Amino acid sequence: MFDGSTIAAIGDLAAQLKCSPFALQAVAEVESAGQVFALVKGQHEPLVRWEGHYFDERLSAADRAAARAQGLASPKPGGVKNPKSQADRWALIARAASIDRQAALESFSIGLGQVMTAHWKKLGFDSVDDLIRLARRDAAGQIDLMARFIDKFGLDDELQRLDFTGFARGYNGSGFRKMGYHLKMAAAYQRLSGAAPVSAATGMLRMGSTGARVRDLQTLLLRAGYAVKVDGDYGPSTRDAVKDFQRAQKITADGVAGPETFRRLEAWKQSPAEQPGQQLVSQVPEVKDATKAGGLMVLVVAARDQIAETAGYLTGIEADTAQTVANILLAGSGAIGLGLAAYAIFGWLKSRKTDEGDIETVGDAAALDPVLA
């Protein structure tokens, strides 16, 4: 874990962000596993993680081909595996730099906050070299870098209200749940502070929320003139649109869609009972997948009633609903396997639910391994 000077530096920057020092320390611990430097060729160097897809998109066609051939670049996130040792990761960066130095230096995360070097300009540096130099200087430099990211990407509100789901969605991206970042941060905070995190945003939609009510929100924002994608994922762009709407309405602009925000948005509903973001069955990705697969290969030749009966039994939904979905599946595919039908109906049921992102318990997360890999 961190030494006293590192914890003191975290406390100083937490005061600037007006958040709990335990919250900021929890983030740092999860991102770095409590380690600030690694020994590389006899020198202490900050922890790094190579992102081959960043490198891939920054290269010319010829350099990209060479980098892919050497296993340094990939169009797919995670397509280039990181070596286990930090020394090997720094060596990988050096190899990449021999192809394109600027692209290489913009293609890894660094420090105890694992901030992407690609953000050097937004974080206020004159060059990517200046960002890396600060991270290599000391722990305080790495904490400063993490605090800059939190500030510039507008995540201080989430940290102030101990909303680790919202924070992880903004800090770690849309895949944060897969690695359990939000749970690990909440568990670390509880261990450090002695109290479970309780967010003021509990029970409301905010970053990290997903599902039907998020699509409702996004649809109404779109009608109100705000450019958002109706995808059911409450990410940074949706948060920013909510803030803009709240400012225009002269209510608290915190990016959290609570009762007052929804009340103001009702002016854009076509009727009081409308669910504006509700997806048609045929629009659900799982249904599209099933009909496509059924059209390409007949796994089990099943009649509509068999699909409806089986899917209804497996999912517990009403017979009329199962029949409706089965009609659409068969209309799109001609014939489909019962397993694919059930998969599609599970997807449709999921599309009608909302996950607000509330963390009810963090006990199970306390035993999880640190996420830095």
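Residues numbered from 1 in each chain as written. Predicted model: local features only at pLDDT ≥ 70, side-chain atom pairs only at ≥ 80, totals over all residues. Heavy atoms only, no water.

*Asks:* Help me out: how do you make sense of the overall build of the chain in this one?
*Replies:* Per the secondary structure count, the chain includes 19 helices and 7 strands. Relative to its 373 residues, the chain shows a buried fraction of 49%. For the chain, the share of sequence-separated contacts (at least 6 apart) that also reach a separation of at least 24 residues comes to 64%. Surface exposure of the chain reaches about 17,700 Å², of which carbon and sulfur atoms provide 52%. (Helix = DSSP H or I, 4+ residues; strand = E, 2+ residues; numbered from the N terminus. Buried < 20%, exposed > 50% of the residue type's maximum accessible area, 1.4 Å probe, protein only. Contact = heavy atoms within 4.5 Å. Areas by Shrake-Rupley, 256 points an atom, 1.4 Å probe, with all protein chains shown as cover.)

*Asks:* So what exactly am I meant to see when it comes to unusual backbone geometry here?
*Replies:* Working note: non-glycine residues mostly have negative phi, and peptide bonds are mostly trans. Backbone geometry places Gln114, a non-glycine residue, at a positive phi of 45 degrees. In this structure, Gln114 sits in the loop between β4 (108-110) and β5 (115-116). Residue classification places Gln114 among the buried positions, given a relative accessible area of 11%. If you check the backbone angles, Lys250 has positive phi at about 60 degrees while not being a glycine. Positionally, Lys250 belongs in the loop between α14 (236-248) and α15 (259-265). Judged by its relative accessible area of 75%, Lys250 falls in the exposed class.

*Asks:* I would appreciate a short explanation of the packing of aromatic side chains in the present structure.
*Replies:* How two aromatic rings sit relative to each other is set out by the distance from centre to centre and by the angle between their planes. Inspection of the entire model under this criterion finds 8 aromatic pairs. Taken together, a centroid distance of 5.2 Å and an interplanar angle of 65 degrees make the contact between Trp50 and Phe55 edge-to-face. With relative accessibility at 2%, the residue Trp50 sits in the buried group. Note on Phe167 and Tyr171: the rings are 5.1 Å apart at their centroids and 20 degrees apart in plane angle, and the pair reads as stacked. (Phe/Tyr/Trp six-rings, centres within 6.5 Å; stacked < 30°, edge-to-face > 60°.)

*Asks:* Mind showing me how you'd approach the side chain of Gln218 here?
*Replies:* Position of Gln218 relative to the elements: it lies in helix α13 (residues 212-223). The class for Gln218 is buried, based on a relative accessible area of 0%. Those residues in contact with Gln218 that lie beyond four places of it in its chain are Val228, Lys229, Val230, Asp231, Gly232, Asp233 and Thr238.

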